[in-house]
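Topology and contacts: notes
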Amino acid sequence: MPSSYNIHNSLFFLINNRAITPTRYTMRRAQLPISTLPAWCKLNDVTFLDTSVREFEDKGYGLVTERTLSSKDTYDTPNLVLIPQDLILSAEAVEEHAKADQHFRQLLDAAGGRSLRGDILLFLLMQITIASTDHGQNIGVSNPWTEFVKMLPSSVPVPTLWDEDERTMLIGTSLESALLAKMNALTAEFEHLRDKTADLSWCNKCWWETESLEFSDWLLVDAWYRSRSLELPKSGESLVPGLDIANHSSEPNAYYEQNSNGVSLILRPGIELDAETEVTISYGDTKSAAEMLFSYGFIDVGSTNKELVLALDPFPDDPLGKAKVVAFKKPAIVRITEVNGTIIWESAFLYLACLNEEDGLEFRMLQETNGSRSPLRVFWQESDVTDETTAFESLIENHELKEVFKLRAVALLQARLQEQLERLYEAEAHIVSLTDLLLLTPSIQTAALQLRKSETALLEAAYAAMEIQKSNLLDDETVVRYLGKMDGVQEECKQDDANEEDDFS
């Protein structure tokens, strides 16, 4: 099938035989301008010290200093923002809100309990519903978050909220399959929410009878969570109102810490900031460009981290392929990193994928004493390694053919890299035509092109590195002997086939 057909079809996320195209529309909710934040902060004891909120042309809102601040030659490091503990939205806070709000308790009991993220998304959805005036129902208990969500944006530049043309920009990148998987997961979550709350009277009246709650609303609360959540030392994954306004930098000038009173944003030691300087924190210095774009909607051009993750599928001609995926139990991926010009790859699955029965790999279903069969068991060299399927790199280390196995793994990886590069190259003409039409949000177009450029360069470097690794392994004496033996076996098979054909004649 022509590549143009493949590209066209990747514009849509086909879920349950229907195209899901997320929009930027949300459930009708009361909204407040960011100018109301100071009043909300004063009412809820959030303190901005010598800092204020400023809108930036290229990245939304952020924090700036109101005067010159310095942490040089002082033990009294300036605090910039103080957020009380009772405003932090964490696992503990979700449970406390459920105790005070019977409607949220019902929602949590019906559709929650699957993950902390899911429970926080339900809480945010509950606040939107309380703040909405369309349903005419007296539900929920208003709290500081009910007002705060009114100030949150209706659009977040993460790929799950991009339009169809914008998502096309990700064809061939590592985010293409990741985004498809995420959209499938979000769709399943929304359907789960609908199924589990269909019998709750207030949910029916507020959401389902009028169809006022849409998939786009679920996409939005997920985007809020991914782009604003922080890992706190005491509360774990949390949302922190006020602190979530601080933008990211690869060279941050502030950091946050938590104590019994709440969370503080603090100027880093040895820093001096002029008035009107942006205050920044780090969202994580080990995240790849794809991870930053996926979670936050931008790429940190100042980051030196060069990394990507590719999904791995069992090879079609491997009779044990499906069994390997089932036995592995973890995502089948390869992580490729460039450090000081050197390519490093990590993939526990590839070392399993490169083995076969002739090498000593077996899958068995053992007979239990009650007559039933056990779960799939994995054996390597007659030893049960079911609980060690992620450790085959070390399991093969003492095998006489370990260099042969490594050659296979490198060859499989190189084939996967070639497949990804071809996908990128095939889409290039379409990407150029799309950018020429000037239909895309400029910041999204820039970020997507940055991702394509960085991942293409990394994939090309990795492919070249695998060629060198493959060449070195082909010079190994064990590999030479093994391949020579295999050539001899194949020649004998061809001769046997020829003899059989002659006899048949």
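So, here's what we can say about the structure. (Residues numbered from 1 in each chain as written. Predicted model: local features only at pLDDT ≥ 70, side-chain atom pairs only at ≥ 80, totals over all residues. Heavy atoms only, no water.)

1. Here's the deal with the overall build of the protein
Along the protein, the regular secondary structure elements total 17 helices and 20 strands. Long-range pairs, those at least 24 residues apart, make up 70% of the contacts in the protein with a sequence separation of at least 6. Element-wise, carbon and sulfur atoms account for 50% of the exposed surface of the protein, whose accessible area totals about 25,900 Å². (Helix = DSSP H or I, 4+ residues; strand = E, 2+ residues; numbered from the N terminus. Contact = heavy atoms within 4.5 Å. Areas by Shrake-Rupley, 256 points an atom, 1.4 Å probe, with all protein chains shown as cover.)

2. Quick word on helix α11 (residues 289-296)
Buried residues dominate α11, accounting for 7 of its 8 residues. Residues of α11 that are buried: A289, A290, M292, L293, F294, S295 and Y296. Residues of α11 that are buried in the fold lie against α8 (174-197), α10 (215-228), β10 (247-248) and α16 (442-474). Within two residues after α11, G297 carries a phi angle of roughly 85°, on the positive side. (Buried < 20%, exposed > 50% of the residue type's maximum accessible area, 1.4 Å probe, protein only.)

3. Remarks on the sheet that holds strand β7 (residues 79-84)
For sheets, the rule is that strands pair by backbone hydrogen bonds, running either parallel or antiparallel. A sheet is described by the order of its strands in space; here 4 strands give the open sequence β3-β7-β12-β11, paired in antiparallel fashion. Every interior strand has two partners, whereas the edge strands, β3 (47-48) and β11 (254-259), have only one. Strand direction decides the pairing type here: β11 and strand β12 (residues 262-267), joined by 6 bridges, are antiparallel. Opposite E257, over in β12, you have S264 as the bridge partner. (Pairing = 2+ DSSP bridges.)

4. A few points about helix α3 (residues 91-100)
Taken together, the buried positions of α3 are A93, V94 and A98. Looking straight down α3, one finds its buried side chains confined to an arc of 140°; they lie on one side. The exposed set on the far side of α3, more than 90 degrees from its buried face, consists of E92, K99 and A100. Elements that come into contact with the buried residues of α3 comprise α4 (102-111) and α5 (116-131). (Arc of directions from axis to C-beta.)

5. Some points on the nonpolar core
Ranked by size, the top nonpolar core spans 92 residues in total, and within it L124, L193 and W207 carry the most contacts. Looking at which element gives the most residues to this core, the answer is α5, with 9 residues. Counting 44 residues, the second-largest nonpolar core is a separate cluster that includes V334, L424, L459 and M466. (Core = buried A, V, L, I, M, F, W, Y, C linked by side-chain atoms within 4.5 Å.)

6. Remarks on the sheet that holds strand β4 (residues 51-56)
If you trace the 4 strands from one edge of the open sheet to the other, you get β4-β5-β14-β10, paired in mixed fashion. Each having just a single partner strand, β4 and β10 make up the two edges of the open sheet. Pairing geometry for β10 and strand β14 (residues 278-281), over 2 bridges, is parallel. Bridging across to β14, N247 finds its partner in T280.

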